[in-house]
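# Close look at the chain arrangement
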Amino acid sequence: MLLLVLCALAVLTLVTWRLSLDDVDARMDEALRSEIEEFSTLTRSGIDPATGHAFAGVDEVLETAITYNLARPNEKFLGYVDGTFAYQSRQQAPVLLAGDSRFTDLVATVDRPEEGTYESAAGEVRYIAVPVRLENDPRKGVIVAAYFADQEREDVNEIARLMASAGAVTVLLVAAGAWVVAGRILRPLRDITATARSITDTDLSRRIPQASRRPGDEIGELVDTVNAMLDRVENAVVEQRRFVDDAGHELRTPITIVRGHLELLDTSDPEDVATTLALVEDELMRMNRMVSDLLLLAKSDQPEFLRTENVDVAALTSAIFDKITGLGEREWRLDHLAEVDAVLDPQRITQAVVALADNAVRHTDEGGWIALSSENTGATVRFSVADSGSGVSAEDRDRIFERFARGASARRSDGAGLGLSIVRAIAAAHGGRVTLDSEPGRGATFTVEVPVVALPPQPGRQA
């Protein structure tokens, strides 16, 4: 940008200077022609305007013409008779052209009007030389009008120098302003670079410093966006580490159990072998279920996780109720059916509701009741599973939806703590959520709320 400004100022100064010089040259040429026209008029009449009588000789014509024409600054009139200098105007001149023999040789003996330039000791001279003749005088006269062009152009050159100086000062001021502005603009980018370099796989807590925001501050928006991205990355990494730790711990337990029993196995005792094989098979089935659940959670952010279709919600609710009644000896209730069609994945919704029903069975005693219902709220459809179990404490309400988390009453459960996480992932994949309404000792109501038309799955979306 500085180079562009510099080039623009240089071109502007050069063009202005050149046009001004052309204007000065044109003005000098026009003035010379005007003076010669006046000389020609004077000599053509042959009458001396001072006396009203005819000129006696060429020398009188030259003297009168030079006397009656007032020379402008940097202009000079000269008269020559038979090749010899005779008269000149009184205007001061940078150099004495009358004493310049080369100039005299150039103009003193012309026999027809001539114009041209001459390089004198004071620079360029622009001139017009016109011969003067009288019928009654055999002598040959020449009158010359000359301009000292370099001196006449000096004002233009001075203006050009002032423009160049002003341009240089302008470029310096622009450079200083650009340095300050660019520094302010690029500081957040340098902060971004420094922050990115300082982030390691063990420390993701660094954030880019944010100054006060102004409306329309794109750099500020960039900083906010990058900081928000770093928040998401840190949360994802923390979640991943915790997930890996929890998964490792959960998988290590059945492996330890299997290894311990195999080390103590008495191969000569058929009963011990049978018991150990049954235990190993049970633990392997538990690990297989855990791995399947982990794979399901890993796929929940992918577009192909859902296979949506137009579904009769009432029929789907009835079908789910028929399935969950076989989960345990409980008092099963079908409270309400939503008479509406919705675009959703019936298999995933069934999986989520069955998981909630299975969770309710674990947390209710025989003889307790479990109710299923569906409800249309206009924009959403709700599938609710209520029970008469022990309920969920306030401190566990958010934690139980996390992976490998169990509530305080989960001691009777042999699951891995992934069921409610899967329910939340299914709801989030539909663009919905899972809610919980519960009080300790008064049961719990889990509700899967999804839009009537499922939204496309989005990576990282949480219920």
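Quick look at the structure, then. From a predicted model like this one, the values you see are computed outputs, not experimental measurements.

Criteria and thresholds
Residues numbered from 1 in each chain as written. Predicted model: local features only at pLDDT ≥ 70, side-chain atom pairs only at ≥ 80, totals over all residues. Heavy atoms only, no water. Pairing = 2+ DSSP bridges. Helix = DSSP H or I, 4+ residues; strand = E, 2+ residues; numbered from the N terminus. Axes fitted to C-alpha atoms, helices over the stretch in contact; angles between N-to-C directions. Expected span 1.5 Å × (residues − 1). Buried < 20%, exposed > 50% of the residue type's maximum accessible area, 1.4 Å probe, protein only. Phe/Tyr/Trp six-rings, centres within 6.5 Å; stacked < 30°, edge-to-face > 60°. Lys NZ or Arg CZ within 6 Å of the ring centre and 35° of its normal. Core = buried A, V, L, I, M, F, W, Y, C linked by side-chain atoms within 4.5 Å. Contact = heavy atoms within 4.5 Å. Patch = residues over 30% accessible without salt bridge, like charges linked within 9 Å, V, L, I, M, F, W, Y side chains within 5 Å. Areas by Shrake-Rupley, 256 points an atom, 1.4 Å probe, with all protein chains shown as cover. Salt bridge = Lys/Arg side-chain N within 4 Å of Asp/Glu carboxyl O.

Sheet architecture is open: five strands sit in the order 7-9-10-12-11, paired in mixed fashion. Lying at the two open borders of the sheet, with one neighbouring strand each, are strand 7 (331-336) and strand 11 (433-438). Ignoring which end each strand starts from, the neighbouring axes of this sheet average 15 degrees apart. Sheet analysis places strand 7 next to strand 9 (residues 369-376), joined by five bridges and oriented parallel. Counterpart to His336 in the pairing with strand 9 is Ser373.

With that out of the way, let us pick up helix 5 (residues 154-198). For helix 5, which comprises 45 residues, the first-to-last C-alpha distance of 63 Å matches the rise-based estimate of 66 Å (1.5 Å per residue) to within 8%. Of the positions making up helix 5, those classed as buried are Val156, Asn157, Ala160, Gly167, Val171, Gly183, Pro188, Ile192 and Thr195.

To continue, consider the packing of aromatic side chains. In this structure the tally under the stated criterion is three aromatic pairs. Measuring from ring centre to ring centre gives 6.1 Å for Tyr80 and Phe85, while their planes differ by 70 degrees; the resulting arrangement is edge-to-face. Using a relative accessible area of 0% as the deciding quantity, one classes Tyr80 as buried. The partly exposed category is assigned to Phe85, whose relative accessible area is 30%. Ring centres 5.3 Å apart and planes at 50 degrees place the aromatic pair Phe103 and Tyr118 in the tilted group. Here Phe103, found in helix 3 (residues 101-107), pairs with Tyr118, found in strand 3 (residues 114-120); they are 15 residues apart in sequence, far enough to count as distant. Across the pair, Tyr118 and Phe103 agree in class, each one buried. One aromatic cluster is present, formed by Phe103, Tyr118 and Tyr127 through successive ring pairs. Sitting over the ring of Trp17, Arg18 keeps its end group 5.7 Å from the ring centre.

To continue, consider the nonpolar core. Core analysis: the biggest nonpolar cluster contains 42 residues, and Leu344, Ile349, Phe383 and Phe446 have the highest contact counts within it. Among the elements of the structure, helix 8 (313-324), strand 8 (341-344), helix 9 (346-362), strand 9, strand 10 (380-387), helix 10 (419-429), strand 11 and strand 12 (444-451) are those that each provide at least two residues to this core. Broken down by element, this core gets its largest block of residues, seven residues, from helix 9. What Phe383 contacts, discounting residues up to four positions off in sequence, is Val313, Leu316, Thr317, Leu344, Ile349, Val353, Ser373, Ser374, Phe446, Thr447 and Val448.

For the rest of this paragraph, the subject is a nonpolar patch on the surface. Together, Trp179, Val180, Val181, Ile185, Leu186, Leu189 and Leu222 make up a nonpolar patch on the protein surface, roughly 660 Å² of accessible area in all. Top contributing element to the nonpolar patch by residue count: helix 5, with six residues. The partly exposed category is assigned to Leu222, whose relative accessible area is 35%.

So, about the pairing of strand 5 (residues 137-148). For strand 5, the tally of buried residues reaches nine of 12 residues, placing the bulk of the element in the interior. In this structure, strand 1 (residues 75-81) lies alongside strand 5, joined through seven bridges in antiparallel fashion. For Glu75, the partnering residue across the bridge sits in strand 5 and is Tyr147. Remark: two residues form the turn of the hairpin made by strand 4 (residues 123-134) and strand 5, two consecutive strands paired antiparallel.

Attention now goes to the sheet that holds strand 5. As summarised here, the arrangement of the five strands in space is 2-1-5-4-3, forming an open sheet in which the pairing is antiparallel. Only two strands of the sheet have a single neighbouring strand rather than two, namely strand 2 (84-88) and strand 3. Along the sheet, successive strands turn relative to each other by an average axial angle of 30 degrees, direction set aside. Across seven bridges, the pairing between strand 3 and strand 4 is antiparallel. Pairing of Glu114 across the sheet is with Ala129, part of strand 4. Running at roughly 20 degrees to strand 5, helix 2 (residues 58-68) makes contact with strand 1, strand 2, strand 4 and strand 5 of the sheet.

Two side chains of opposite charge can pair, provided their charged atoms sit close to one another. Counted by the stated rule, this structure contains 20 salt bridges. Put simply, Arg126 and Asp29 hold a salt bridge, and the shortest N to O gap is 3.0 Å. On the criterion of sequence distance, the pair formed by Arg126 in strand 4 and Asp29 in helix 1 (residues 2-45) is long-range, its members being 97 residues apart. Each member of the pair, Arg126 together with Asp29, is buried. Residues Asp59 and Arg139 are paired through a salt bridge, measuring 3.1 Å at the closest nitrogen-oxygen approach. Taken together, the residues span a long stretch of sequence, with Asp59 in helix 2 and Arg139 in strand 5 at a distance of 80 residues. When its relative accessible area of 30% is taken as the criterion, Arg139 is described as partly exposed. Where salt bridges share partners, they join Asp25, Asp29, Glu124, Arg126, Asp150 and Arg153 into one cluster.

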